Amino acid sequence: EAEHWSYEGEAGPEHWGSLSNENSACSAGSQQSPLDIRGAIKADIPGLALNWKSGGAILNNGHTIQVKAAPGGTLRRGDKPYELVQYHFHAPSEHLVEGHRFPMEVHFVHKHAETGALGVLGVFFVPGAANTTFASLAATFPQKTGEQTALPNVDPSGLLPTSLRYWAYEGSLTTPPCSEIVDWMIAQDPIEVDAADIDRFTALYSMNARPALVANRRYILAS
Ligand code: B30
Ligand code: ZN
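Cut-offs applied
- Residues numbered from 1 in each chain as written.
- Chains lettered and ligands numbered in written order.
- Predicted model: local features only at pLDDT ≥ 70, side-chain atom pairs only at ≥ 80, totals over all residues.
- Heavy atoms only, no water.
- Donors = N, O, S within 2.8 Å, 3.2 Å for Na, K, Ca; no water.
- Helix = DSSP H or I, 4+ residues; strand = E, 2+ residues; numbered from the N terminus.
- Buried < 20%, exposed > 50% of the residue type's maximum accessible area, 1.4 Å probe, protein only.
- Pairing = 2+ DSSP bridges.
- Phe/Tyr/Trp six-rings, centres within 6.5 Å; stacked < 30°, edge-to-face > 60°.
- Tetrahedral: all angles 85-135°; square planar, octahedral: opposite > 155°, others 65-115°.
- Core = buried A, V, L, I, M, F, W, Y, C linked by side-chain atoms within 4.5 Å.
- Salt bridge = Lys/Arg side-chain N within 4 Å of Asp/Glu carboxyl O.

Caption draft 1: Layout of the coordination of the copper atom of ligand 1. Just one protein atom donates to the copper atom of ligand 1; it is His63 (NE2), sitting 2.3 Å from the metal. Within the element layout of this structure, histidine 63 appears in the loop between strand 4 (56-60) and strand 5 (65-69).

Caption draft 2: Quick peek at the pairing of strand 10 (residues 104-111). When you tally the buried positions in strand 10, you get 7 out of 8 residues, the bulk of the element. Bridge analysis of strand 7 (residues 80-90) against strand 10 gives 7 bridges, and the strand direction is antiparallel. For leucine 84, the partnering residue across the bridge sits in strand 10 and is histidine 110. In terms of strand pairing, strand 10 meets strand 11 (residues 118-127) through 8 bridges, oriented antiparallel. Of the residues in strand 11, the one forming a bridge with histidine 107 is glycine 122. The antiparallel hairpin formed by strand 10 and strand 11 contains 6 residues in its connecting segment, where glycine 116 sits at a positive phi of about 80°.

Caption draft 3: Quick peek at the packing of aromatic side chains. In the structure shown here, the tally under the stated rule is 16 aromatic pairs. Their ring planes at 35° and their centres at 5.2 Å tell us that tyrosine 87 and phenylalanine 108 sit as a pair that is tilted. In this pair, tyrosine 87 sits in strand 7 while phenylalanine 108 sits in strand 10, placing the two residues 21 residues apart along the sequence. Side by side, tyrosine 87 and phenylalanine 108 carry an identical accessibility label, which is buried.

Caption draft 4: Representation of the coordination of the zinc ion (ligand 2) within the structure. Distances from the zinc ion (ligand 2) to its protein donors, His88 (NE2), His90 (NE2) and His107 (ND1), fall within 2.0 Å. What the 4 donor atoms of the zinc ion (ligand 2) show is an angle range of 98 to 117° at the metal, which sorts the shape as tetrahedral. Of the residues examined, histidine 90 reaches a relative accessible area of 3% and is grouped as buried.

Caption draft 5: Expanded view of the sheet that holds strand 1 (residues 36-37). Ordered in space as 1-8-9, the 3 strands form an open sheet in which the pairing is mixed. Edge positions in the sheet fall to strand 1 and strand 9 (100-101), since each has one partner strand and no second. Pairing of strand 1 with strand 8 (residues 96-97), which is carried by 2 bridges, proceeds in the parallel orientation. Opposite isoleucine 37, over in strand 8, you have valine 97 as the bridge partner.

Caption draft 6: Highlighting unusual backbone geometry. The omega angle of the peptide bond from serine 33 to proline 34 is 5°, so this bond is cis rather than trans. Relative to the helices and strands, proline 34 resides in the loop between helix 2 (24-28) and strand 1. The omega torsion across proline 176 and proline 177 is 15°, close enough to zero to call that bond cis. Within the secondary structure, proline 177 is located in the loop between strand 13 (166-171) and strand 14 (182-187). Within the chain, asparagine 153 stands out as a residue other than glycine whose phi angle is a positive 70°. Structurally, asparagine 153 can be placed in the loop between strand 12 (148-150) and strand 13. Phi angles above zero are rare outside glycine, and cysteine 178 is one such case at about 60°. On the secondary structure map, cysteine 178 appears in the loop between strand 13 and strand 14. Its relative accessible area of 0% is what places cysteine 178 among the buried residues.

Caption draft 7: The nonpolar core, seen in detail. Residues Tyr87, Phe89, Phe108, Phe125, Leu137 and Leu159 are the most contacted members of the largest nonpolar core, which totals 36 residues. Counting 15 residues, the second largest nonpolar core, distinct from the first, contains Ile37, Tyr169, Trp184 and Ala222.

Caption draft 8: Structural view of the pattern of salt bridges. Enumeration over the complete set of coordinates arrives at 4 salt bridges. A salt bridge links aspartate 36 to arginine 38; the shortest N-O distance between them is 2.6 Å.

Caption draft 9: A look at the side chain of serine 33. If you trace the backbone, serine 33 turns up in the loop between helix 2 and strand 1. Among the residues examined, serine 33 registers a relative accessible area of 0% and is labelled buried.

What follows is the structure, encoded as structure tokens:
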């Protein structure tokens with residue numbers, strides 16, 4: 001992709017909105033992501049049911065490491081079905097929790113078949129015991145932009161915490177064009193991963209997090 005946006009300098013986040021007409025939401029939007037999650041309201045929000053497939057392909061796309069998901073993986077939020085398209089990583093985390101930033105965050109990007117809306121599930125990483133799924137991904141991170149390799153047998157469910165309690169709010173893509181089409185779901189519990197595997201990511205991308213935006217009139221709900 002011919003992308004000229006970045007995370008610092010003249011093409012950094014504060015300039016995204018003026019890099020292209022298509023990116024106007026980045027500066028003019030009122031429902032932007034990420035957020036600092038605070039003041040969440042406990043609510044009776046639907047549970048998440050995940051049924052993802054193993055496999056896919058891992059790609060270094062120049063702004064993150066992204067796994068193109070194997071087709072047919074689903075997420076249901078109540079009666080709303082989505083299909084898993086891809087998942088990718090940010091370091092440090094894009095969302096904050098009451099001002100706290102985590103060393104990494106994974107985004108599972110799902111698409112609603114009918115509406116085209118996205119449902120993105122975020123999970124925070126903390127350094128600790130090795131996570132075998134993240135370790136096998138980290139061992140195969142393509143080192144060069146544009147490089148892609150097949151990923152046999154990696155099960156993305158290995159990157160989920162035991163509890164799927166989550167926060168929910170309406171927001172945007174965290175990268176240009178910053179479209180306000182995302183139902184955000186953020187797992188309340190982080191997962192542990194080996195610090196050495198975090199280092200394998202930050203060796204490639206040490207800062208690919210958009211700064212937090214203002215909530216404006218939005219509520220954050222907690223399950
Ligand atoms: S995120 O989860 O809010 N970080 C997209 C999906 C999720 C997020 C950000 C962006 C997305 O689909 N972007 C448009 C597609 N991309 C290709 C891609 O998936 O990787 C084109 C692009 O940005 O220009 Cu890079
Ligand atoms: Zn993301």
